[in-house]
Every structure is written in C-alpha cells, then in structure tokens.
Amino acid sequence: MNHLEPTNSFSFSRLVQVIKRTYTLNKRTWGTGALVVLGALLLFWFFPLILGRQPWHQFISGNLIQPALFFYTAGGLFLTSAVFYELHSPDTAFLTLTLPATSLEKMAGAWLITSVLYTVVSVVLYLALVLILHGFSLLFIGSEVPFSLYQLGNSEVGQTLVSYFGYQSVFLLGAVVFRKNNFLKTLLGIIVFLAGLFMIGGLLFLIIGGSTLE
C-alpha cells in the first residue's frame, strides 16, 4: 500500500488502497471465474443449435437474463465468502491483521468490491455478452439478437439486486466468522436461523392460539 498519513479515523484514501489490494490479490481468480461464467452462458445459448434443436431463447437476449441472474447471485456469494481467505490461514493471517487500515475500512472495502463494484462489472460483462451473441448470431446463423436496455430495468432484475445485497451482507459476515467452508457454513447458519424462527413462531401461535380458544 502507498504511504498514508496515520490516523485512527476513517480514511477514504486508505479505503481505496484496501480495495486496490483486494483486487490485485484476487484478479486472476476473479478473471478466470468471469470467463467460466461467460463461457457457460455462451454454451447455454448455442447448445440447442449445436444439437439441431429449436432454441429455447428464440434469439431474444432477454431470455438470457434469468440464467445470468443466477450466475450473478451464486458467483457473488462465493466471491464474498472467500474475500477474507487470508484471515483464516496461519501463514497469511498477519497480512490482514497488520494491514495499516482500520477494521471499518477493511469491512467497507470488502463490501464495496463484492457488492457495488461486482454488480457494475457484472452489468458490463452482460452487455458485452449480448454484443458477442449478436455478432456470432449474425455470422453463423444470419439472425439478429434483439436487445433493449429496458430489459435490465424489469422487476425481476431489481428484486434480484435487492435480494443479493441483503444476502451478500450476511455472507460477508460469515466470511469473517467462519474459518473454513465459509459459503456452506453461512448457508447452513441461515437455514438454522430461519428454522428456529419458524419453530418459535409456531410455538407462540400454539400458545397464544390455545389460550385464546380457552
């Protein structure tokens, strides 16, 4: 990190450096993951054509939004679960713990890069994918792929983004708390928590409902 003036208060300059460091350490892994997802979506699009079957998408790029949203959510949660991998290894934990930044700056940097910046990059990659599909379709099939930016503003996209930002915050907490298998342990914790709420709610309903009937 660049030399910054030491201060115990929140520093935007240090926050930027934390984000840059996180990106530098993970850019190869994240880049590989992005290429895998783009390749999977391309295969998903062209697979029926390879088999000579009627394409499920009918050459409408809007039909690709749902699988893209699935990969966006799953990929983001996996990314979030692994963002503090240094912290849970005896050989690298000191790198995070001695980083010249406050705990708030470290958490804010991790949250920004796995939520806001991740979402922006995902949208850009989706638009690039549509352009690739447009070119391939014109070249090999002779058919255009209709696209409208309004597709990104429908209610399904908005609901997925809101849900992701909520889930992502929980998985970010799990990335700090759990040492191994962060994703699975966080998912299990959510399931146990919801099951507990359901059981407590059911018991309260039986108690209150039973006393009311009496």
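Residues numbered from 1 in each chain as written. Predicted model: local features only at pLDDT ≥ 70, side-chain atom pairs only at ≥ 80, totals over all residues. Heavy atoms only, no water.

Draft legend 1. Region of the structure containing the overall build of the chain. On a plain count of helices and strands, the chain comes out with seven helices and zero strands. The secondary structure elements of the chain, listed N-terminal to C-terminal, are α-α-α-α-α-α-α. Residues classed as buried in the chain amount to 29% of the 214 residues present. If you take every contact in the chain between residues at least 6 apart in sequence, the share linking residues at least 24 apart comes to 70%. Surface summary for the chain: the accessible area is close to 13700 Å², and the carbon and sulfur share equals 71%. (Helix = DSSP H or I, 4+ residues; strand = E, 2+ residues; numbered from the N terminus. Buried < 20%, exposed > 50% of the residue type's maximum accessible area, 1.4 Å probe, protein only. Contact = heavy atoms within 4.5 Å. Areas by Shrake-Rupley, 256 points an atom, 1.4 Å probe, with all protein chains shown as cover.)

Draft legend 2. Main features of the environment of Leu 25. Following the sequence through the fold, Leu 25 ends up in helix α1 (residues 12-50). Leu 25 gets classed as partly exposed once you look at its relative accessible area, which sits at 40%. Between the alpha carbons of Leu 25 and Val 83 there is a distance of 9.9 Å; along the sequence they are 58 residues apart. For Leu 25, the contacting residues outside a window of four places in its chain are Tyr 85 and Glu 86.

Draft legend 3. The arrangement of the nonpolar core in detail. The biggest cluster of nonpolar side chains holds twelve residues, and these are Leu 41, Trp 45, Phe 46, Leu 64, Ile 65, Ala 68, Leu 69, Tyr 126, Leu 129, Val 130, Leu 133 and Val 157. For this core, the secondary-structure elements that each account for two or more residues are α1, α2 (65-81) and α5 (116-141). A per-element tally of this core places α5 first, with four residues. Counting residues in hydrophobic clusters, the runner-up holds seven residues, among them Tyr 72, Leu 79, Tyr 118 and Tyr 164. (Core = buried A, V, L, I, M, F, W, Y, C linked by side-chain atoms within 4.5 Å.)

Draft legend 4. Representation of the side chain of Glu 105. Here Glu 105 is to be found in helix α4 (residues 103-114). If sequence neighbours within four positions are ignored, Glu 105 has contacts with Ser 9, Phe 10, Ser 11, Arg 14, Leu 15 and Val 18.

Draft legend 5. Main features of the packing of aromatic side chains. All told, the structure shown has eight aromatic pairs when counted by the stated rule. Judged by centre distance (5.8 Å) and plane angle (40°), the ring pair of Tyr 118 and Tyr 164 falls under tilted. One end of the pair, Tyr 118, is in helix α5; the other, Tyr 164, is in helix α6 (residues 155-177), with 46 residues separating them in the sequence. Overall, the relative accessible area of 0% leaves Tyr 164 in the buried class. (Phe/Tyr/Trp six-rings, centres within 6.5 Å; stacked < 30°, edge-to-face > 60°.)

Draft legend 6. Expanded view of the confidence of the model for the chain. Considering every residue of the chain, the mean pLDDT works out to 79; 75% of them sit at 70 or more. Put simply, helix α3 (residues 93-97) is where the chain has its lowest mean pLDDT, 68, and α2 is where it has its highest, 89. (pLDDT = per-residue confidence, 0-100.)

Draft legend 7. Looking closely at α4. With twelve residues, α4 should cover 16 Å at 1.5 Å per step; its first-to-last C-alpha distance of 17 Å lies within 8% of that length. Here α4 has its buried residues at Glu 105, Lys 106, Gly 109, Ala 110, Ile 113 and Thr 114. Along the long axis of α4, the arc covered by the buried residues comes to 145°, so they all point the same way. Facing away from the buried surface of α4 by more than 90 degrees, the exposed residues are Ser 103 and Leu 104. (Expected span 1.5 Å × (residues − 1). Arc of directions from axis to C-beta.)

Draft legend 8. Representation of α2 in the model. Given a rise of 1.5 Å per residue, 17 residues ought to cover 24 Å, and the 24 Å separating the end C-alpha atoms of α2 matches this to within 8%. Within α2, burial applies to Ile 65, Pro 67, Ala 68, Leu 69, Tyr 72, Thr 73, Gly 76, Leu 77, Leu 79, Thr 80 and Ser 81.

Draft legend 9. Structural context of the side chain of Thr 160. Note that Thr 160 resides in helix α6. The exposure class of Thr 160 is buried, given its relative accessible area of 17%. When sequence neighbours within four positions are dropped, the list of residues in contact with Thr 160 reads Leu 69, Tyr 72 and Thr 73.

Draft legend 10. Seen up close, the environment of Ile 190. If you trace the backbone, Ile 190 turns up in helix α7 (residues 182-213). When its relative accessible area of 23% is taken as the criterion, Ile 190 is described as partly exposed. If we ignore the near neighbours within four places in the chain, the residues touching Ile 190 are Val 170 and Phe 171.

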